[in-house]
Amino acid sequence: MAINRTEYRDTSIGVITSGIPYQYVREALPDASVLKLGLVHPLPRKMIEEFASKVETLYVVEELEPLIEEQVRSWGIKLIGKEIFTIQGEYSANMLRKAILKQEIVTKEPAKVPARPPILCPGCPHRSVFSVLNQLKIHGAGDIGCYTLGAVPPLNVIDTTICMGASISMLHGMEKAKGKEYIKDWVALIGDSTFLHTGVNSLMNMVYNQSSGTVIILDNSTTGMTGHQDHAATGRTLKGDPTFAVDLEELCHALGVQHVKVVNAFDTKLLAETVKEEVARDAVSVIIAQAPCALLKSNVSKVKCVALPEKCKKCGMCLKPGCPAITKQADGTVKIDETMCNGCGLCKTQCKFEAIETVPIA
Amino acid sequence: MEQTKSIMIVGVGGQGTLLTSRILGGITTQAGYDVKLSEVHGMAQRGGSVVTFVRYGKEVAEPIVEEGCADVLIAFERLEALRYAHFLKKDGVIIVNDQRIDPMTVVTGAAEYPEQIIENLSKEYQVVAVDAMAEAKKLGNAKVFNTIIIGVAAKRMNFTKEEWLQVIEKTVPPKTVEINKAAFEAGYAGA
C-alpha cells in the first residue's frame, strides 16, 4: 500500500488527513473522498493539487497545529481547516459531524462522582517506604516511576517531580541554595531503574561537591511503571538472556558514597531507624530499600492478610498507608478484599491489636 | 448485522477489564466482524478508573466509543457504572457487578461514595445487576467474578455458548481455564 494514498468516493467533500483523524473522517463521512497522508513532510504537492482540483469542498483534518493546512494554503489552494476545527485536544467522529455536517449532537452531563485516581498496588513495597517517611514527617524529592504516586494523599511524601534523575539533583540543589539544615527532613527518592538511567551521575556529583543529603533507592528489581522491563541491575537483557548485573551497593561505594545501607522495604522499624540516622549524618548517604514489585510473576505471594473483626479496635491505623485492598465497613471495623490483597503484611505491622493476620493461600 | 455495536468495559484497575476486552475482541473477530479495541493502559493495574472500548460491525473506523453512543456498558464496580453511564445510548443496557470498591478519595474522606447507584441508574437505563463476587466465591475463586459478568453479557449477544467457551479457553491463563469456564456457565445460566 502506498505511503500517501487517495480514496475517491463522492467528490462533493474531499478531506486531507493523516494518522488517527483518518479513522474519525471515515466514521463521520464514510462517503467522502480522502487523501490519506502517511508522511506529512515533505508533502506530496502534485498529489494534493490533483486531489484538490477533483473535489468540490476541501477540508484538512489534523489535530493540534495546522501543519499540513498552512503549507497547502501557501500553494494557493482553497480549503477549510482551523476556522472550524479546534487546535486543542483529540478529535472524534462526533466532533467532525458537528463541524462539517452541522449536526446537532446532544450529550448528557456526566454524573458528579468521586474521582478514582491511580494508586500504588496492594503489596507495593513503595507504600511501605512512604508510610515510614510520612510518619517521620520527611519530605521527598521525587522522580519518575510508579512511586511518583507517593505525592498524593494519604501518603503525601513527594513534593517535587521533574524528570528522570532530578530527585537527587533537586535535593543537592536545595542544599546548595538553602544550607545543610534545610534538608535535614528531606530525602531524594528514586527507583532502581531510574537510578541506573540518570541518577548515577547526579549521585556522583553530590559526593564530589560534598553534599550531606540522603538518597533512598527504591529497589523493586524491575522497571515497574512501564511494564516490567529489565535493566542493568536485574541480570537479564531486554530479551531475557542472562547478563552481568550491576550491584547497586557496590556502585554507590564506587561513586564515593561511604554510607550505604541495604534494608528490606517492609521492615518498617529498621527502615525508620535507618532514615533517622542517615538524614542526620553530615555526609552523602544512600539507603537501598529492597523488595520486589508486587506484580512480578516471580513474586506471587503465598499468604494473604485477613482482618479479625473481634480483635479490631476501629482505630484506623491500618488504613493510613492507603492500601486499596482494605476498606472500612459501616461498623468501623475493616475488611480486606481477598482478590486484591498481595499479602505484604504492611497493614499487619500497623496494627497494635493483632487484629490482622496473614494466612497461607490454599 | 447492519449497525456497528459499541461496548464499553469499565472497572477498577486490576479487575480484569483488559482481559475481558480481549475475550470480546476474540469472539467478534472469530465471527468475522471488523473489530476495533482500545484500552486505557498504564494505570490498568494501579487501582485507577479503567475503560476499554470494543466496536464491531461490517466496517469499523473509529476505535473509541463516544458519549451517548454505547450499546452496552459492562461495569465491574457500581461507581464506575455511574461514572460512564452517560456514554450509553438512550436505550442502552448496563451490566453491573454489584460491588463497592472505595476510591482513595473516599478512603481519605475527601469525597463520599454515592448511595443507591443501581436504583438511580435503573430509572434511566436497562440495568442488570449481579453480585458476581458472591457467585465467584461459591465457585471457590473470587477472582473469576469478571468471567461471570461476561456470561451474563453473553446471554444478550448473538454468539453461541460454545463459541464463547472456545474463546475463553484461548484467552485466559492455561491454569485457570476450567474455573473460568465454570464461571462463564454460572453467569450464562443465571442471566
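Heads up: the structure comes first, above all this text.
Overview of the structure. (Residues numbered from 1 in each chain as written. Chains lettered and ligands numbered in written order. Predicted model: local features only at pLDDT ≥ 70, side-chain atom pairs only at ≥ 80, totals over all residues. Heavy atoms only, no water.)

1. Points about the sheet that holds strand 4 (residues 57–61) of chain A
Residues and elements named next belong to chain A. The mixed open sheet is built from 4 strands, whose spatial order is 1-3-2-4. Looking at which strands have only one partner, the edges of the open sheet turn out to be strand 1 (5–7) and strand 4. The sheet shows a mean angle of 15 degrees between the axes of neighbouring strands, taken without regard to direction. Note: strand 2 (residues 10–18) against strand 3 (residues 32–37), 6 bridges, orientation parallel. By the bridge assignment, D10 is partnered in strand 3 with A32. Each of strand 1, strand 2, strand 3 and strand 4 touches helix 1 (residues 21–28); the most contacted strand, strand 2, lies at about 160 degrees to it. (Pairing = 2+ DSSP bridges. Helix = DSSP H or I, 4+ residues; strand = E, 2+ residues; numbered from the N terminus. Axes fitted to C-alpha atoms, helices over the stretch in contact; angles between N-to-C directions. Contact = heavy atoms within 4.5 Å.)

2. Some details on the nonpolar core
By size, the foremost hydrophobic cluster in this structure holds 48 residues, and its most contacted members are L189, L203 and I216 of chain A. In terms of residue count, the dominant contributor to this core is strand 7 (residues 186–191) of chain A (5 residues). One finds L24, V93, I150 and L165 of chain B within the second-largest nonpolar core, a separate group that totals 37 residues. (Core = buried A, V, L, I, M, F, W, Y, C linked by side-chain atoms within 4.5 Å. Buried < 20%, exposed > 50% of the residue type's maximum accessible area, 1.4 Å probe, protein only.)

3. Some points on the packing of helix 6 (residues 145–154) of chain B against helix 8 (residues 177–190) of chain B
Residues and elements named next belong to chain B. Running from amino to carboxyl end, helix 6 crosses helix 8 at an angle of 40 degrees, the nearest separation of the two axes being 7 Å. It follows from the interaxial angle that helix 6 and helix 8 lie oblique. With respect to the hand of their crossing, helix 6 and helix 8 are arranged in right-handed fashion. Residues T147, I148, I150, G151, V152 and A154 of helix 6 touch helix 8, and the partners they reach there are N180, A183, F184, G187 and Y188. (Parallel < 35°, antiparallel > 145°, perpendicular 65-115°, else oblique. Left-handed = near helix turned anticlockwise from the far one by under 90°.)

4. Some points on helix 9 (residues 268–280) of chain A
Residue and element names in this part refer to chain A. The terminal C-alpha atoms of helix 9 lie 18 Å apart, and with 13 residues this matches the ideal 18 Å at 1.5 Å per residue to within 8%. Within the sequence span of helix 9, burial applies to T268, L271, A272, T274, V275, E278 and V279. Considered in projection along helix 9, the buried side chains sweep an arc of 165 degrees and stay on one side of the axis. Facing away from the buried side of helix 9 by over 90 degrees, the exposed positions are K269, K276 and A280. Tucked inside the fold, the buried residues of helix 9 contact helix 5 (125–135), strand 7, strand 8 (214–219), strand 9 (259–264), strand 10 (285–290) and helix 10 (346–350). (Expected span 1.5 Å × (residues − 1). Arc of directions from axis to C-beta.)

5. Notes on the pattern of salt bridges
Here the idea is simple: oppositely charged side chains can pair when their charged atoms come close. Scanning the entire structure with this criterion turns up 27 salt bridges over all chains. For R5 of chain A, the salt bridge is made with E7 of chain A, and the minimal N-O distance between the two is 2.9 Å. Here E27 of chain A ties to R55 of chain B by a salt bridge, and the two come within 3.1 Å at their closest N and O atoms. One end of the pair, E27 of chain A, is in helix 1; the other, R55 of chain B, is in strand 3 (residues 49–57), on a second chain. With respect to burial, E27 of chain A and R55 of chain B carry one shared label: buried. Where salt bridges share partners, they join R116 of chain A together with E77, E80 and R83 of chain B into one cluster. (Salt bridge = Lys/Arg side-chain N within 4 Å of Asp/Glu carboxyl O.)

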